[in-house]
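Tertiary structure, described
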Amino acid sequence: MTERLYGPDDSALDGNAIGGLLHEIFSTEMTTAEATCGHCGNTAQVAEAVVYVKAPGTVMRCRACTSVLAVVVRKQEMNCVDMSGVAALQAG
Amino acid sequence: MAGTAVRGRLTWQVATVTAVRPETTSVRTIEFDIPDWAGHQAGQHVDIRLTADDGYVAERSYSIASAPGEPLQLTVERLEDGEVSPYLTEELRPGDEIEIRGPIGGYFIWDSDDARTPVLLVAGGSGVVPFRSMLRHRARIGSAAPVRLLYSARSLPDVIYRTELDMPGDGAEIVYTLTRQQPPGWAGHSGRVDAALLTEVAWPEDRQPLAFVCGPTAFVEIVAGELVSLGYPPDHVKTERYGGVGAP
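Residues numbered from 1 in each chain as written. Chains lettered and ligands numbered in written order. Predicted model: local features only at pLDDT ≥ 70, side-chain atom pairs only at ≥ 80, totals over all residues. Heavy atoms only, no water.

1. Concerning the confidence of the model for chain B
Averaged over all residues, the pLDDT of chain B equals 93, while 96% of them reach at least 70. For this predicted complex, the interface score ipTM comes out at 0.90, while the overall pTM is 0.93. (pLDDT = per-residue confidence, 0-100.)

Set out below in structure tokens:
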């Protein structure tokens, strides 16, 4: 298979695109926060992560290793946040 | 706790359209009045929320086109298969109200008058929008920072803000490259932004420049990668990706 399933493709955005969503969840600006990938240990600003907003839910992946950092699913007025792929999150 | 920044809730606000202006055949700039707008920084964006009669909600992000201190302006490109942009570019009229929240973002912003740090802006198509905010901000604060905008557009009629960009102000340079169609006698660059063009246009890395790259995802990946190859430290190359909105 030549299709890159998980690498950045044309539909991939970056963490800037979920600045509003993350601000809603954390009540503060989060695109400059530093997230450490729980899989490869890479630390980068949230703005630099690979983000898919058209997946079922919003998916944030590590730009270095493509592992899932976070998934946010909105259920009516509630955001369900799974950040188990993030080892550390440091406010920017 | 004294000295701790107050955490700000991001709330949806009602914005009233005060003016609309066509930029190209598929792009227009919309100006809004928001009573409690907190002000913004150059390079930030807002979220827009449209709610249909049946309750269906669509949200999109748009870069802010105006400078800090100016009324909020968004410049929107109509995407043929878009859900929100056709409404914003064709239906919205002065007096109409929509929901906006923002300003959003702290990464892709420029707010400096440091004359020692040259700034390179690389735009693909409508990726030029946040750079218009930065250029206007630069002019308004009288910044001495040298700025060069490399703007890739399909053709001259596709160039957004052309009249304004033709008068960029002291110390700002605008370099166009036209990828699909060039007018007769075109003396500017043609074709996509590549290593050769960046080598020619980008500030040398030994001047410790700061680069901002904005546009379709594929464009940003290529340009940011080439800048790093030219010696730009990755953390001096700020990127913002608009997704698969067509090659500029």
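That was the structure; now back to the text.
2. A word on the nonpolar core
All names here are of chain B. Judged by nonpolar contacts, the single largest core of 31 residues is most densely connected at Leu-121, Phe-131, Leu-149 and Tyr-151. Listed by contribution, the elements that provide at least two residues to this core are strand S7 (119–124), helix H2 (129–141), strand S8 (147–153), strand S9 (172–178) and strand S11 (210–215). Leaving out residues up to four positions away in the same chain, Phe-131 has contacts with Phe-108, Leu-121, Val-122, Ala-123, Leu-149, Phe-212, Val-213 and Cys-214. Counting 20 residues, the second largest nonpolar core, distinct from the first, contains Ala-15, Val-17, Ile-34 and Val-84. (Core = buried A, V, L, I, M, F, W, Y, C linked by side-chain atoms within 4.5 Å. Buried < 20%, exposed > 50% of the residue type's maximum accessible area, 1.4 Å probe, protein only. Helix = DSSP H or I, 4+ residues; strand = E, 2+ residues; numbered from the N terminus. Contact = heavy atoms within 4.5 Å.)

3. Regarding the packing of aromatic side chains
Residue and element names in this part refer to chain B. Within this structure, the stated rule accounts for three aromatic pairs over all chains. Three or more aromatic residues joined by ring pairs make a cluster, and in this case those are Phe-108, Phe-131 and Phe-212. Geometry around Trp-203 places Arg-148 over its ring, the cationic atom sitting 3.8 Å from the centre. (Phe/Tyr/Trp six-rings, centres within 6.5 Å; stacked < 30°, edge-to-face > 60°. Lys NZ or Arg CZ within 6 Å of the ring centre and 35° of its normal.)

4. As for the sheet that holds strand S6 (residues 97–104) of chain B
Pairing within the open sheet is antiparallel, and its six strands lie in the order S4-S3-S6-S1-S2-S5 (chain B). Edge positions in the sheet fall to strand S4 (57–63) and strand S5 (73–77) of chain B, since each of these pairs with one other strand and no more. On average, each strand axis in the sheet is inclined to that of its neighbour by 40 degrees, with strand direction left out of account. As judged from the four bridges shared by strand S1 (residues 13–22) of chain B and S6(B), these two strands associate in the antiparallel manner. When the bridges of S6(B) are listed, Gln13(B) appears paired with Ile100(B). Set on the sheet, helix H1 (residues 19–26) of chain A makes contact with strand S3 (45–51) and S6 of chain B; between it and S6(B) the angle comes to about 80 degrees. (Pairing = 2+ DSSP bridges. Axes fitted to C-alpha atoms, helices over the stretch in contact; angles between N-to-C directions.)

5. Quick look at the environment of Ile100(B)
Residue and element names in this part refer to chain B. On the secondary structure map, Ile-100 appears in strand S6. In this structure Ile-100 comes out as buried when scored by relative accessible area, which is 0%. It is 6.3 Å that separates the C-alpha atoms of Ile-100 and Val-14, two residues lying 86 residues apart in sequence.

6. Section: the domain arrangement of chain B
Residue and element names in this part refer to chain B. Parsing chain B into structural domains produces domain 1 (13–104) and domain 2 (119–241). A straight line from the C-alpha centre of domain 1 to that of domain 2 covers 24 Å. In this complex, domain 1 contributes 20 residues to the contact, which on the side of domain 2 involves 15 residues. Applying the counting criterion to the domain 1 and domain 2 interface returns two salt bridges. Linking domain 1 with domain 2 are nine residue pairs in polar contact (both at pLDDT 80 or more). When residues of the side of domain 1 that touches domain 2 are traced back to their parent elements, those giving at least two are strand S2 (27–33) and S5. The element that contributes the greatest number of residues to the side of domain 1 that touches domain 2 is S5, accounting for three residues. In the side of domain 1 that touches domain 2, the residues fall into six nonpolar, 10 polar and four charged. (Domains from an automatic or database assignment. Salt bridge = Lys/Arg side-chain N within 4 Å of Asp/Glu carboxyl O. Polar contact = N/O pair within 3.5 Å; in protein donor to acceptor, adjacent residues only side chain to side chain. Nonpolar A, V, L, I, M, F, W, Y, C, P; charged D, E, K, R; others polar.)

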